[in-house]
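Tertiary structure, described
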Amino acid sequence: RVVVRLDDVHKEYGAARALGGVSLRIDAGDAVAVMGPSGCGKSTLLNLVAGLDRPTRGTVQVGGQDLGAMNETELALFRRRHVGMVFQFFNLIDDLPALDNAALTAQLTGTPARQARDRAMELFEELGIAERADVYPAALSGGERQRVAVARALMNRPALLLADEPTGALDSRSGEQVMDLLIDLNQIGQTLLIVTHDPDLAERCAGRLVELADGRVVAEHGLERTP
Ligand code: ADP
Ligand code: ADP
């Protein structure tokens, strides 16, 4: 089963070319890392796969659906249901306790509040943060914040988990915990697309590395994961 398929994707911002013909396929259960220098198009690629932006040319398919055929409303719903996102700076809502940060995601797609909280608590237990459920983000450690963000991303059992520099704002110990978490998730079948500058993160968490330079894929190779 193909989860992500990009065919000859181009993206231009006015005269600036962010992507110049990228084709990429990610199968269910794959863990793919995208690396490359600043400005090579990594964020653009992630935004296109997440349906946050549209290509200038080419097609983006996620879960067998052509994102280009969806209107904005359909795209927003598709994203909430099928794509989970984790960011470098967590993007948690400061005035909601940890558990509500996660539960809100499911409530926004129509899950009753009680059921959403139960699902969030189940994930908090799996991720080892159950005792932090009532704590506000400001009082959580960086590693705990990122685990809350991962729980939030997994609420709707997304076909794809996108991570943009997920360890970039963490100290090395918290970073290790988040890497272990991503490895565990992939081992139970979660498809991952990780964008990072960190070769250690790519080597440990991904089975395949895609190197971007100047908006193009310049190399692609399988990785021996180093536990
Ligand atoms: P990366 O994430 O690898 O640093 P980006 O995808 O952010 O790269 O950017 C790729 C190129 O596209 C860069 O030259 C960047 O300046 C440009 N770019 C990205 N987003 C925009 C935008 N919204 N408007 C104009 N240029 C952009
Ligand atoms: P990263 O640190 O992940 O490479 P960037 O700093 O390149 O991220 O970009 C952060 C956000 O700003 C992205 O969503 C990108 O699309 C946007 N962006 C990047 N370059 C430009 C630009 N030249 N003009 C407008 N927006 C940009």
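Residues numbered from 1 in each chain as written. Chains lettered and ligands numbered in written order. Predicted model: local features only at pLDDT ≥ 70, side-chain atom pairs only at ≥ 80, totals over all residues. Heavy atoms only, no water.

Naming follows an unreviewed UniProt entry, where the protein chain appears as ABC transporter ATP-binding protein of Nonomuraea antimicrobica.

Describing the sheet that holds strand E6 (residues 83–86)
Spatial strand order, E6-E7-E8-E3-E9-E10: six strands in an open sheet with mixed pairing. Bordering the open sheet on either side are E6 and strand E10 (216–222), each of which pairs with just one other strand. Averaged over neighbouring strand pairs, the angle between their axes works out to 20° when direction is ignored. Strands strand E3 (31–35), E6, strand E7 (160–164), strand E8 (191–195) and strand E9 (208–213) of the sheet are contacted by helix H1 (residues 42–49), whose axis makes an angle of about 155° with E7. In this fold helix H5 (residues 142–154) packs onto E6 and E7, with an angle of close to 170° to the strand it touches most, E6. (Pairing = 2+ DSSP bridges. Helix = DSSP H or I, 4+ residues; strand = E, 2+ residues; numbered from the N terminus. Axes fitted to C-alpha atoms, helices over the stretch in contact; angles between N-to-C directions. Contact = heavy atoms within 4.5 Å.)

Observations regarding the sheet that holds strand E1 (residues 2–13)
What the four strands build is an open sheet, ordered E2-E1-E4-E5; its pairing is antiparallel. Each edge of the open sheet carries a strand with a single partner, namely strand E2 (16–27) and strand E5 (65–66). Where E1 and strand E4 (residues 57–62) come together, five bridges link them in antiparallel fashion. Its bridge partner lying in E4, Asp7 is registered against Thr59.

Looking at the site of ligand 1
Taken together, Tyr13, Ala18, Pro37, Ser38, Gly39, Cys40, Gly41, Lys42, Ser43 and Thr44 make up all the residues around ligand 1. Residue Gly41 places a main-chain N or O atom 3.1 Å away from an oxygen atom belonging to ligand 1. Residue Lys42 places a main-chain N or O atom 2.9 Å away from an oxygen atom belonging to ligand 1. Bound to the protein, ligand 1 loses 58% of the 560 Å² it would expose on its own. Among the elements that line the shell around ligand 1, the one with the most residues is H1, at three residues. (Near = heavy atom within 4 Å. Polar contact = N/O pair within 3.5 Å; in protein donor to acceptor, adjacent residues only side chain to side chain. Areas by Shrake-Rupley, 256 points an atom, 1.4 Å probe, with all protein chains shown as cover.)

Overview of the pairing of E7
With five of its five residues buried, E7 lies for the most part within the structure. Covered by surrounding structure in E7 are Leu160, Leu162 and Asp164 together with Leu161 and Ala163, the residues of both alternating faces. In this sheet, E7 lies alongside E6 in parallel orientation, the contact comprising four bridges. Bridged to Met85 within E7 is Leu162. Pairing geometry for E7 and E8, over five bridges, is parallel. Among the inter-strand pairings, Leu162 is bridged to a residue of E8, identified as Leu193. Each parallel crossover has a hand, and for E7 linked through helix H6 (residues 172–187) to E8 it is right-handed. (Buried < 20%, exposed > 50% of the residue type's maximum accessible area, 1.4 Å probe, protein only. Right-handed = clockwise from strand over helix to strand, strands pointing away.)

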